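As a plain string of letters, each chain reads:
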Amino acid sequence: MLTREQWGAPRANFKEIGGGGRNLKYVFIHHTDGSAGDPVQRMQLLETYHRETRKYGGVGYSFVAFPDGTVAEGRGWGKVGAHTVARQPGTGNQRSLNRDAYAFALAGHFDDVAAPSLMLSAVTAAICDGIETGWLHPDVQILGHRDANRVVGWEGSPSTCPGEALYGQLGVIREAVGRYVASYKAGQRPDPGIDLGR
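Just so it is clear, the structure is predicted and the values come from calculations on it, not from any experiment. (Residues numbered from 1 in each chain as written. Predicted model: local features only at pLDDT ≥ 70, side-chain atom pairs only at ≥ 80, totals over all residues. Heavy atoms only, no water.)

## A look at the nonpolar core
For clarity, the threshold we go by: Residues grouped as a nonpolar core are buried Ala, Val, Leu, Ile, Met, Phe, Trp, Tyr and Cys residues, joined through side-chain atoms within 4.5 Å. Think of it in three bands: with a 1.4 Å probe and only protein chains considered, a residue is buried below 20% of the maximum accessible area for its type, exposed above 50%, and partly exposed in between. We count a stretch as a helix when DSSP gives it H or I for four or more residues in a row; a strand needs E for two or more, and each element gets its number in order from the N terminus. Contacts between residues were defined by any pair of non-hydrogen atoms, one from each residue, lying within 4.5 Å.
With 33 residues, the main nonpolar core has Ile29, Phe104, Leu106, Ile127 and Leu136 as its most contacted residues. Listed by contribution, the elements that provide at least two residues to this core are β1 (24-31), β2 (63-65), β6 (101-106), α3 (117-132), β7 (136-144) and α5 (164-185). Looking at this core, the element that brings in the most residues is α3, giving eight residues. Excluding residues within four positions of it along the chain, Leu106 makes contact with Ile29, His30, His31, Thr32, Ala65, Ala115, Met119, Leu120, Val123 and Leu166. Ranked by size, the runner-up nonpolar core spans 14 residues in total, among them Leu2, Val59, Val64 and Ala72.

Below, the structure is given as structure tokens:
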């Protein structure tokens, strides 16, 4: 894990999720819709963009994954993010899910190109760590950003994120997390080395 301190994040006072941010039942997967590159440099650029252009107060995602398998801390566990909002078509109604979920963004654009397996493995391992340490509920739902409306019972989609190719790969992450959770619930010590089976 590349911590905020390691990538040079400025000090921030992000709000705490109610209940300490424990046992959340949703993870949303995003893509950054930009190039990957060196994780430290890319996190610094993302920080600037989210803080100065989007006015988020800093990186909005909980974590950001890179093709080399690095997972960088954005807001981290327990903090309210700025990542996922459901928008009801034709009404202007919207509902933030930033207090109900954590978000993992994969660095890059994945409409036509699939995410590297090392990146998927890194996200899977981080989600499993979140389950083992109590940040995520064992029955966590792993969804794409585009699924936000479905969570609140609205039709349509607020976004095409995380890209068509990556959205098609979410089943790989769900299957690997499912195997981990099955051994976790059986009282076995889950294998920290995630085998994606592909």
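On we go.
## Describing the sheet that holds strand β3 (residues 71-73)
Rules: Strands pair, by our definition, only if DSSP identifies at least two bridges between them. To obtain an axis, a line is fitted to C-alpha atoms, over the contacting stretch when the element is a helix, and the angle between two such axes runs from 0 to 180 degrees between their N-to-C directions.
With respect to topology, five strands assemble into an open sheet ordered β3-β2-β6-β1-β7, the strand pairing being mixed. Edge strands, defined here as strands with exactly one partner in the open sheet, are β3 and β7. Shown here is a sheet whose adjacent strand axes are inclined to one another by a mean of 25°, direction ignored. The pairing of β2 with β6 spans three bridges and is parallel.

## Overview of the pattern of salt bridges
Heads up, the rule is: Put simply, a salt bridge is a Lys or Arg side-chain nitrogen that is within 4 Å of an Asp or Glu carboxyl oxygen.
According to the stated counting rule, one finds seven salt bridges in the structure shown. Taken together, the shared-partner salt bridges in this structure form one network comprising Glu47, Arg51 and Glu52.

## Considering the side chain of Arg4
Test applied: Positive charge is attributed to Lys and Arg, negative charge to Asp and Glu, and no charge count is given to His or to the chain ends. Polar contact is defined as a pair of N or O atoms within 3.5 Å, subject to the rule that within protein one atom must be able to donate a hydrogen and the other to accept it, and that residues adjacent in sequence are counted only when both atoms are side-chain atoms.
For Arg4, the position within the fold is in helix α1 (residues 4-7). Within the buried set, Arg4 has no salt-bridge partner at all; the shortest N-O distance to an opposite charge, 4.6 Å, is to Glu47. There is a polar contact of 3.1 Å between the side chain of Arg4 and the backbone oxygen of Pro10. Once residues lying within four places of it in the same chain are set aside, the contact partners of Arg4 are Ala9, Pro10, Ala12, Phe14, Glu73 and Gly74.

## What about the packing of aromatic side chains?
Each pair of aromatic rings is reported with the distance of its centres and the angle of its planes. Counted only if it meets this: Pairing of aromatic side chains requires ring centres within 6.5 Å, counting the rings of Phe and Tyr and the six-membered ring of Trp. Pairs whose planes differ by under 30 degrees are stacked, by over 60 edge-to-face, and all others tilted.
Summed over the entire model, instances satisfying the criterion amount to seven aromatic pairs. Considering the side-chain rings of Tyr26 and Phe28, the 6.4 Å spacing of their centres and the 20° angle between planes classify their relative orientation as stacked. Overall, Tyr26 belongs to the partly exposed group, its relative accessible area being 23%. Considering the side-chain rings of Trp77 and Trp135, the 6.3 Å spacing of their centres and the 5° angle between planes classify their relative orientation as stacked. Placement of Trp77 in the loop between β3 and β4 (85-87) and of Trp135 in the loop between α3 and β7 is noted, with a sequence separation of 58 residues between them. Comparing Trp77 with Trp135, the two get one shared label, buried. Clustering of aromatic rings is evident, with ring pairs tying together Phe63, Trp77, Tyr102, Phe104 and Trp135.

## A few points about helix α2 (residues 39-53)
The condition is simple: Here a helix's expected span is defined as the number of its residues, less one, multiplied by 1.5 Å. Directions are taken from the helix axis to each C-beta atom, and the arc is the one they span.
When the terminal C-alpha atoms of α2 are compared, their 20 Å separation across 15 residues agrees well with the 21 Å that a helix rising 1.5 Å per residue should span. Taken together, the buried positions of α2 are occupied by Pro39, Met43, Leu46, Glu47 and His50. Angularly, the buried residues of α2 cover 105° about the axis, an arc narrow enough to put them on a single face. Tucked into the core, α2 has its buried residues touching α1, β2 and β3. One or two positions beyond α2, positive phi appears at Lys55, with a value near 60°.

## So, the pairing of β1
Of all eight residues in β1, six are buried; the element is thus mostly enclosed. Taken together, the five bridges between β1 and β7 define a ladder with parallel strand orientation. Each bridged residue has a counterpart across the sheet, and for Val27 the counterpart in β7 is Ile142. Across six bridges, the pairing between β1 and β6 is parallel. Each bridged residue has a counterpart across the sheet, and for Phe28 the counterpart in β6 is Ala103.

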